[in-house]
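Descriptive structure summary
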Amino acid sequence: MSGKVRLKSSGALDEDPLTLQDIVYQYICKHLDVISCPDESIADEDEEDADKRYCLRSGVVLPNIICDRLIDTYQKQYYQKFGDNFINLFRDTNRTSLKVVHLRNSNLTNYGLEILMRHKLYSLSMWYCDKVTVQSHELLAQHGESLRSLELGIGSHMLQNAEPNEKEPVDFQFNCPHLRRLVLNAVVLHQRLTFAHLTDLTHLDLTSCILASFSLQALSTLPKLHTLILFNVWPIANQLHAICSLSRLRTLDISISGSNNGHGTYDLPDQKLEMLMEHLPDLTHLDISGTNLAGNGVATKESCYKANTDIPGLASRTQRPLQFLGLYHTAHWACKRHDIPANEIAGDANEQQILTAARYYYDRPVLLTRVLNDLYHLFRFENCKDIHTALDVVLTAMDRHLKFKHMQISGSATLFYIVKGRDRSKFGTPLRNHIIRTLLNGMEVHLNDDTMLRNGYLTLTQFQMPNDVLFEYERLIKILLHGVSKTEQEGFVQRIAIYLLNTLACQVDGRQKLFLGELGVVKTMLSLIKDRLTRSVLDDVMEVAWSTMWNVTDETAINCKRFLDGRGMEYFLRCLNTFRERDELLRNMMGLLGNVAEVKWLRPKLMTQKFIEVFAELLSSESDGIEVSYNAAGVLAHIASDGPEAWTIKEPSRDEVLANMVKAIVRWDIKSDRNINYRSFEPILGLVRCYETPQCQHWAVWALANLTQVYPDKYCQLVEQENGIEILTELINHPKPYEDIKRIARMVIDQCNRCPRPMLEG
């Protein structure tokens, strides 16, 4: 995360703003060539992508404070690229220095890990580093002496084979004599393993480890141990006496994630909990979630003389409450009881307990997913009050557990309701960026999961398009194209993806339209149209596919060519013959062809008898008001503007088509509302200067008059900005245009003169 979500004094939700250092590090990560060059020292031809590995430029020296932060920043921005190629930057330990390295969702292999370990790290954390194998455990013996903290979380197989059927104990020893904090996950612990030499160890987390003939009594040799996490460790019931011998413990976690085959069920639970309290007098944090250790809430006769509490085993702590007590999904709904001797409680009884559980269980994905589901229901029914804490919880969970699909699905569903809520107007730019980036990360990793894509797409619809997503525009387009390409069914994912894609294509500039074409948007749309023509299906996906191509070809000649090269005109004719009565479809298709006709070097491809007959026939169309007729006339006006010599067909004749075009123009109502959006009048103003063919001028001045009459605030200014007044004045003074053309041109100038100018600030 880039920063904690916080509530400003103004009531706005936001994250801490980027510092100048943040900006510099982000720039370096985006432009690594500033400090690096390709590594030419790798001679092994079998090394994949060796030529892509980064090497520090000659003369560049990076101290520790820069190296640690560079790794952290690069991971957050480019997790999908983070691996050996990037880590190769730090191969030279004389010019780079690493101390604290926390890896998540990385493609790092043993090669990259060895580079890191040679830096004599102080702290190493690895989560979801699936390509690190058990063969790397020897690195601990070679380079572990400097380590103070070691985390080997989910998906890090340094000490354990990756395959579930290979859970055989690995014979390893921690050659890390100064280790203070050790976190292991799902490792088989055998009786030969000893922690005795780790005399500085204060924090031991054995989450989901399997005790294969390993006794917790071995931990009694650790004089400084004050935190012991045994979440999802079993069997534990026969190890309680060993735990009781660790009298210095201040934090104990013996929780279970739900009904784990009865592993959280104890005989005489009240007495077992009371025994732990008696032998661990310094305990301040206790987690018994998922167990029955809280009892059924009824005090026994033996405990009646003690202080009142709804958890009999904690009767001794009523005057000295625990700082934290985990009661999430305990038997008999312990978290809903009234008299609980603890200052903070993790449970699911109310919003505060749910948020507390999320904060404490941030590295327990299965449990955290359940907590996010509880949070989802709070938001769904608008019962969540602490929005900024909840948002921080969701983003943290999704960022930390990117590869855990159910976490991403649950988190994205909750994000939808958060973003949809009335507080979204308070989100600052850094926070909006964080939400969008987190969503795209989850969608990118789980690209083939329809539920994840649906949640992500729906949440993105709540943002302002395209402004809010421009910083991740290219990645979003690729994710949308994947969703659109699901042609095997008319599913909701495909429909919402093409809707978003069309929205983006409609509102971005020429450079981004070019990028859309390069990524294959036109090809994908044509594929969708072909599929539906084959099945004789007309749905909203086909209509939006034509609309998307209309938008993406606007003043973008290469995309127009892509349409023609992809058999676009064939599909146009087939759609016209098959679905002629659909007004919106006709408008979208003719709008697209209007863009194609604006490209002079593509117009010869439209000069066939069949195409011209179709365009001429559509001049008389009353489909969708004047839209289809208007666009047909626009296509013909551009084709005719190339002169008589470019009209290479005999039938229909050029004169006949131009005469019918003028008849259509005269028929149109100048006050007609329009379903069209012009970003520039350059093609239309070009036709205004077509003195050799006045009919083309007629269409052009009518278009300007209509738009400036109906939408003066927008289009009068555009006419003036593009030198339109001077061009129209020239037309009025020219002898060739007939009087109707000049009359309409005067209407445009008069309307622009009446339209108020925007106030200048100064």
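What you see is a predicted model; the values in this text were computed from it and never measured.

**Describing helix H18 (residues 540–552)**
With 13 residues, H18 ought to run about 18 Å at 1.5 Å a step, and its terminal C-alpha atoms sit 18 Å apart, in line with that. Of the residues making up H18, those classed as buried are Val541, Met542, Glu543, Ala545, Trp546, Ser547, Thr548, Met549, Trp550, Asn551 and Val552. Buried residues along H18 sit in contact with helix H15 (492–506), helix H16 (510–518), helix H17 (521–534), helix H19 (557–565), helix H20 (568–578) and helix H21 (583–597). Backbone nitrogen of Val541 and a side-chain oxygen of the N-cap are separated by 3.2 Å at the start of H18; the cap is Asp539.

**As for unusual backbone geometry**
Across residues other than glycine, the phi torsion is negative in most instances, and most of the peptide bonds are trans. Residue Pro466 is reached from Met465 by a cis peptide bond, and omega for that bond is 0°. Looking at the secondary structure, you find Pro466 in the loop between helix H13 (450–460) and helix H14 (473–484). Look at Ser208: it is not a glycine, yet its phi comes out positive at around 60°. Within the secondary structure, Ser208 sits in the loop between strand S10 (203–205) and strand S11 (210–212). Positive phi is not limited to glycine here, since Asn232 has a value of about 60°. For Asn232, a relative accessible area of 13% puts it in the buried group.

**Re the side chain of Glu151**
On the secondary structure map, Glu151 appears in strand S7 (residues 149–152). Reaching out from Glu151, the side chain makes a polar contact with the side chain of Trp127 at a distance of 2.8 Å. In terms of polar contacts, Glu151 uses its side chain to reach the side chain of Arg181, at 2.6 Å. Excluding residues within four positions of it along the chain, Glu151 makes contact with Leu124, Ser125, Met126, Trp127, Arg181 and Val183.

**Digging into a nonpolar patch on the surface**
A grouping of Leu18, Leu20, Ile23 and Val24 is seen on the molecular surface, where their side chains present a nonpolar patch of about 380 Å² in accessible area. Here Leu18 falls in the partly exposed class, since its relative accessible area comes to 41%.

**Focus: the packing of aromatic side chains**
A full pass over the atoms with the stated rule returns 21 aromatic pairs. With a centroid separation of 5.2 Å and 35° between ring planes, the pair formed by Tyr630 and Trp699 is classed as tilted. Of the two residues, Tyr630 is situated in helix H23 (residues 627–640) and Trp699 in helix H26 (residues 694–710); the sequence distance between them amounts to 69 residues. Like Trp699, Tyr630 is buried. Centroid distance Trp668 to Trp702: 5.0 Å. Interplanar angle 65°. Geometry classified as edge-to-face. Taken together, the positions of Trp668 in the loop between helix H24 (654–667) and helix H25 (682–688) and Trp702 in helix H26 put the pair 34 residues apart, joining distant regions of the chain. Taking the relative accessible area as the measure of exposure, Trp702 reaches 3% and is therefore buried. Put simply, the rings of Tyr74, Tyr78, Phe82, Phe86 and Phe90 touch in pairs and so form one group of aromatic residues. One cation-aromatic arrangement involves Arg53 over Tyr111; the distance from NZ or CZ to the ring centre is 4.1 Å. The ring of Phe231 has Arg364 sitting right over it, with the charged end atom 4.2 Å from the ring centre.

**Here we look at the UniProt feature "repeat: ARM" (unreviewed entry) in the chain**
The residues that UniProt annotates with the feature "repeat: ARM" (unreviewed entry) are residues 610–642. Between the end C-alpha atoms of residues 610–642 there is a gap of 19 Å, over a span that is 70% helix and 0% strand.

Criteria and thresholds
- Numbers given to residues run from 1 along each chain, matching the order in which its sequence is written.
- Residues qualify for local features only when their pLDDT is at least 70, as the model is predicted, and side-chain atom pairs are given and counted only at 80 or more; totals for whole chains, interfaces and linings, by contrast, use all residues.
- Where side-chain values are given, they derive from all heavy atoms of the structure, hydrogens and water being excluded.
- By definition, any uninterrupted DSSP run of H or I lasting at least four residues is a helix, any uninterrupted run of E lasting at least two residues is a strand, and each is numbered from the N terminus.
- Between the first and last residue of a helix there are one fewer steps than residues, each counted as 1.5 Å, and that sum is the expected span.
- Each residue gets one of three labels from its accessible area relative to the maximum for its type: buried under 20%, exposed over 50%, partly exposed in between, using a 1.4 Å probe on protein chains only.
- Note on contacts: a residue pair is in contact if any heavy atoms of the two residues lie within 4.5 Å.
- Polar contacts, as used here, are pairs of N or O atoms within 3.5 Å; protein pairs need one atom able to donate a hydrogen and one able to accept it. Residues neighboring in sequence count only if both atoms are side-chain atoms.
- For patch building, the residue pool is restricted to those with more than 30% relative accessible area and no salt bridge; the joining distance is 9 Å between like charges and 5 Å between nonpolar side chains (Val, Leu, Ile, Met, Phe, Trp, Tyr).
- Using a 1.4 Å probe, accessible areas were evaluated by the Shrake-Rupley method; residue-level cover was limited to the displayed protein chains.
- Any Lys or Arg side-chain nitrogen found within 4 Å of a carboxyl oxygen on Asp or Glu counts as a salt bridge.
- Here a Phe, Tyr or Trp ring, Trp counted by its six-membered ring, pairs with any other such ring whose centre lies within 6.5 Å, and the pair is stacked when the planes are under 30 degrees apart, edge-to-face when over 60, and tilted otherwise.
- Working rule: Lys NZ or Arg CZ, within 6 Å of ring centre, within 35 degrees of ring normal, means a charge sits over the ring.
- UniProt positions are given in the numbering used here, feature names are shortened, and annotations may be inferred rather than shown by experiment.

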